[in-house]
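# Remarks on the overall topology
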Amino acid sequence: MSNLLPASAIGTAFERLDGELKVTGTAPYAYEQPVDHPVYLYPVLSTIARGTVERVDTADAEAIEGVLTVLTAETAPRLADASDRELAVLQDTTVGYRGQIVAAVLAETPEIARQAADTVRVSYAEEPFAAQLRADDPALYAPEELNAGTPTDSSQGNADAAFDTAALKIEQTYSTPAEHNNPLEPHATVAQWDGSVLTLWDSTQGVHAVKGTLAQVLGLEQEQVRVIAPHVGGGFGSKGMPHVHVVMAALAAQCTDGRPVKFPVSRQQMYSLTSHRTPTIQRIRLGAADDGRLTAMSLDIVEHTSRIKEFAEQTPAPFRMMYASPNRSTTTRLAPLDIPVPSWMRAPGECPGMFGPEVAMDELAAAAGLDPIELRRRNEPAADPETGKPWSSRHLMECFDLGAERFGWDRRVTRPRSVQQDGWLVGLGTASAVYPFMRQPANTARISYEQDGIYSVQIGAADIGTGAWTSLTQIAADALRVPVNRIRLGIGDTRFPAASVAGGSSGTASWGGTIIAAAKAFRADHGEHPSPGATTEADAPEDAEAQNFALYSFGAHFAEVHISADTGEIRVARMLGVFSAGRIINPRTARSQFLGGMTMGLGMALHEQSVLDPRFGIFVNHDLAEYHVPTNADVLDMDAVWIEDRDEHAGPLGARGIGEIGIVGSAAAIANAAYNASGIRVRDLPLTPDKFLA
């Protein structure tokens, strides 16, 4: 496709500008950065869940040719700020979870480093530990707040009294397991000191976030740290903040006389070092009148967190605003366990938080004798039930109506276990999707005129595979009123102006709105015919109006499920997602994002489950041989479409973000379809065959 100027670059399905680099293998990722004479790091991980390191025997490792040194809590450099216990690597002998770094080998090759690490002997004083999530755990507590500043509990009206008097009642417990991000590119960091200046090549969703954290923990000025990440092979939240391996690489590089240190985190090591999604136990009560209109809603959630560092997923957030009811309440309680630290995973809060409620809504529809779509229509709120603010744009029912027509919803048989085809039970299911709009203010863009009509546009954003290289170029081209091929975009480097993390489906709207502001300022400063070298910087524009509206993207998922009547094997034959996500910048990359999220939701429904052995505090299925994710054979017929919707309250782009709404609700749609097929209601993910052999 030619990259000549169309009527508008925004809305055109440009091919990825970085596509050729990626398919030819020439796009440099973190570990592949060409550095001279590198040193390789391999960690030694604790084999206990809680206690103290008494002794580290490094003699055999240090005797191996090619080993430079073995760092321990006694020999590692000191951090200026060790208050974050996840990042306080080798600062003391305390062990907070199994898989924690207790030593690190530095060697001339990765093979030597790994061999030597295997010879390090560690002695421990082990202490009693807890590593099992239980709803009746006496140590449960209420955190001060949940992730993203979400209130821990909420209450409107009297949910208990309204439930007791409701004509229709659903009272069930649903659960989602722990899950791990498995981006195609594992986490990796290359660290090099040049005097007092630290350069990091890191696989990250936010170069400026890494820079700020490393400067703090190492006691450096901001200008002493540079972070580079031009290409990132997926992150899904796990690369949204620096984890311990980044600090470990930086500390190790202080011990190599200026030689760079390469620390690629192995797939297995990721299961303890780079975070996971917390499991959830969701007790839900829905009360409704005979016509299905909700009169009471309550959700009580139990999750785990690490004892060494709190992370409280905002799981109740979508329940609070999705449907109308005068009486509602939510609570969240955390179980502090001796486990690795949980953190962000694609659509934190909304993803697990929509599974239980959307399955419960399907159960309520069955109890009321209503079509599941009609039940949702009857419970549409006129304004945000949580805040009372008007919707900036809520087209949920339009998504359901379009999806029902395209998917053939009218062919759904209401009575479960009524349709069989060649020994397979067949069913259809649906569920809602929602994700909040966030436009981050901490962004600055720089625009310079070079020569021959070329404009340099720089912002310290990150492309984690979502197409930011392309979409930001399109936005800049329209903002400056020039063809796309006259834009030279610079991202993925802290030498470019500050930018927020690629997360929360906020990147394109946040960075793109800032680029538009910079383009306006540039034209005001330099006109349509600037001189070479003309430069302007501008910050993200004020967005006061957005505070007056409830800004969310919405969607509807549809799934067709086939279940073997003999073995319980479950297959998803078709999936359709219909979304309302504001203005679509690039239809090609947008569809890719929607389908990617839906595929991840398919994995959540059928496969993904991190199994924590409470006897040892270890995730036992810590590789892709046993932690299963969807393959091409699982994704048979999948489609994503959207409603054209430029949200005038969502900033200058009118776009609300698309990276995460594809996964939200998709697992519930599959679970609901599985019930329609089998007549067996499964409330605990994943939907494994044994659960359909009742």
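The shown structure was predicted, so the numbers you read here are calculated from the model rather than taken from an experiment. (Residues numbered from 1 in each chain as written. Predicted model: local features only at pLDDT ≥ 70, side-chain atom pairs only at ≥ 80, totals over all residues. Heavy atoms only, no water.)

Scanning the protein from terminus to terminus reveals 16 helices and 26 strands. Relative to its length of 694 residues, the protein is compact, with a C-alpha radius of gyration of 26 Å against a globular reference of 26 Å. Overall, the protein is about 75 × 70 × 50 Å in size when its C-alpha atoms are taken along their principal axes. By residue count, 63% of the 694 residues in the protein fall in the buried class. Taking as baseline every contact in the protein between residues at least 6 positions apart, the subset at least 24 positions apart corresponds to 81%. Surface accessibility of the protein: about 25600 Å² in total, with carbon and sulfur atoms responsible for 48%. Each charge sign in the protein was given a centre, from 56 positive and 85 negative side chains, and these centres are 4 Å apart. (Helix = DSSP H or I, 4+ residues; strand = E, 2+ residues; numbered from the N terminus. Rg over C-alpha atoms; globule rule 2.2 N^0.38 Å. Buried < 20%, exposed > 50% of the residue type's maximum accessible area, 1.4 Å probe, protein only. Contact = heavy atoms within 4.5 Å. Areas by Shrake-Rupley, 256 points an atom, 1.4 Å probe, with all protein chains shown as cover. Lys, Arg positive; Asp, Glu negative; His and termini not counted. Charge placed at Lys NZ, Arg CZ, Asp CG, Glu CD.)

A separate point is the confidence of the model for the protein. Summarising the model, the protein shows a mean pLDDT of 96, and 99% of its residues fall at 70 or more. Overall, residues 1-6 carries pLDDT values under 50, and its contacts beyond four positions in sequence, including any with other chains, amount to 15 contacts. (pLDDT = per-residue confidence, 0-100.)

Turning to the nonpolar core, a few remarks are in order. Judged by nonpolar contacts, the single largest core of 89 residues is most densely connected at L286, F558, F594, I670 and L687. Examining the composition of this core, we find that 9 residues originate from one element, helix α15 (residues 587-606), more than from any other. Those residues within four positions of L286 in sequence are excluded, and the remaining contacts are F163, L168, K169, I170, L294, A296, M297, F319, A360, M361 and L364. (Core = buried A, V, L, I, M, F, W, Y, C linked by side-chain atoms within 4.5 Å.)

Taken in spatial order, the 7 strands of this open sheet run β3-β5-β1-β12-β9-β10-β11, and their pairing is mixed. Both outer strands of the open sheet, β3 (67-71) and β11 (225-228), are each paired with one neighbouring strand and no more. Between one strand axis and the next, the sheet turns through 20° on average, direction left out of account. Here 6 bridges tie strand β9 (residues 188-194) to strand β10 (residues 197-202), and the two strands are oriented antiparallel to one another. Looking across to β10, one finds that Q192 is bridged to T199. Those strands touched by helix α3 (residues 110-119) are β1 (39-45), β3 and β5 (101-107), and its axis lies near 25° from that of β1. (Pairing = 2+ DSSP bridges. Axes fitted to C-alpha atoms, helices over the stretch in contact; angles between N-to-C directions.)

Reported here for the second largest pocket is a volume of approximately 810 Å³. Taken together, 31 residues form the lining of the second largest pocket, with Y42, P43, L45, Q268 and Q269 sitting closest to its centre. Counting residues per element, the ones that place at least two in the lining of the second largest pocket are β1, α3, β6 (121-126), α7 (267-273) and β25 (618-619). It is β1 that contributes the most residues to the lining of the second largest pocket, 6 residues altogether. Here the residues of the lining of the second largest pocket are counted per class, giving 18 nonpolar, 9 polar and 4 charged. (1 Å grid on protein atoms, 1.4 Å probe; cavity = no way out; pocket = protein on both sides within 12 Å on 5 of 7 lines; lining within 4 Å. Points joined across faces, edges and corners; volume = space filled by probe spheres on them. Nonpolar A, V, L, I, M, F, W, Y, C, P; charged D, E, K, R; others polar.)

Looking now at the side chain of D338. Its place among the elements puts D338 in the loop between β15 (328-337) and α9 (350-353). Take D338: its relative accessible area is 2%, and that puts it in the buried class. Polar side-chain contacts of D338 include one of 2.7 Å to the side chain of R307. Setting aside chain neighbours within four positions, we find D338 in contact with A49, R50, G96, Y97, F129, A130 and R307. (Polar contact = N/O pair within 3.5 Å; in protein donor to acceptor, adjacent residues only side chain to side chain.)

If you walk through the whole model with that rule in mind, you get 35 salt bridges. The residue D18 makes a salt bridge to K22 at a minimum N-O spacing of 3.0 Å. Given the relative accessible area of 2%, D18 is considered buried. Notably, a salt bridge pairs D401 with R377, separated by 2.8 Å at the nearest N-O pair. Of this pair, D401 sits in helix α12 (residues 396-407) while R377 sits in helix α11 (residues 372-378), placing them 24 residues apart in sequence. For D401, a relative accessible area of 37% corresponds to the partly exposed category. With a relative accessible area of 34%, R377 lands in the partly exposed category. (Salt bridge = Lys/Arg side-chain N within 4 Å of Asp/Glu carboxyl O.)

Further remarks concern the side chain of T473. Relative to the helices and strands, T473 resides in helix α13 (residues 468-480). If we skip the residues at most four places from it in the chain, T473 touches L17, A468, V484, I487 and L489.

Taking 1.5 Å of rise per residue, the 20 residues of α15 would be expected to cover 28 Å, and the 28 Å separating its terminal C-alpha atoms lies within 8% of that figure. The buried count for α15 comes to 14 of 20 residues, which makes it a mostly enclosed element. With a side-chain oxygen lying 2.9 Å from the backbone nitrogen of R588, the N-terminal cap of α15 falls on N586. (Expected span 1.5 Å × (residues − 1).)

Below, the discussion takes up the sheet that holds strand β21 (residues 535-539). Strands in a sheet are paired, the pairing made by backbone hydrogen bonds, and the direction either parallel or antiparallel. Pairing in this open sheet of 4 strands is mixed, and the strands run β20-β19-β18-β21 from one edge to the other. Two strands bound the open sheet, and with one partner strand each, they are β20 (487-490) and β21. Averaged over all adjacent pairs, the angle separating strand axes in this sheet is 20°, with direction ignored. Bridge count for strand β18 (residues 444-449) against strand β19 (residues 455-458) is 4 bridges, and the pairing is antiparallel. Along β19, the bridge assignment pairs Y449 with Y455. Against the sheet, α13 contacts β18, β19 and β20, and its axis sits at roughly 130° relative to β20.

With that settled, consider helix α5 (residues 207-218). Over its 12 residues, α5 runs 16 Å from end to end, which matches the ideal 16 Å to within 8%, given 1.5 Å per residue. Within the span of α5, buried status applies to V207, H208, V210, K211, L214, A215, V217 and L218. Residues of α5 that are buried sit in contact with β9, β10, β11 and α6 (244-253). Once α5 finishes, G219 follows within two positions and takes phi at roughly 70°, a positive value.

Considering the arrangement of structural elements, one finds T72 in the loop between β3 and β4 (94-95). Take T72: its relative accessible area is 8%, and that puts it in the buried class. Expressed as a C-alpha distance, the spacing of T72 and P390, which sit 318 residues apart in the sequence, is 56 Å. Ignoring sequence-local partners within four residues, the contact set of T72 consists of V56, T58, L90, V102 and A103.

A pair of packed helices can be characterised by two numbers: the angle between their axes and the separation between those axes. Close contact between helix α10 (residues 355-368) and helix α16 (residues 666-678) brings their axes to 9 Å; oriented N to C, the two are set at 35°. In this structure, the crossing between α10 and α16 has a hand that is right-handed. When α10 is examined against α16, the residues F355, E358, V359 and D362 are found in contact with a partner set consisting of A667, A668, A671, N672 and Y675. Its residues assigned to classes, the contact of α10 with α16 comprises 6 nonpolar, 1 polar and 2 charged. (Left-handed = near helix turned anticlockwise from the far one by under 90°.)

Below, the discussion takes up the environment of P183. Turning to its location among the elements, P183 is positioned in the loop between β8 (168-176) and β9. Owing to a relative accessible area of 0%, P183 belongs among the buried residues under this scheme. It is 23 Å that separates the C-alpha atoms of P183 and T494, two residues lying 311 residues apart in sequence.

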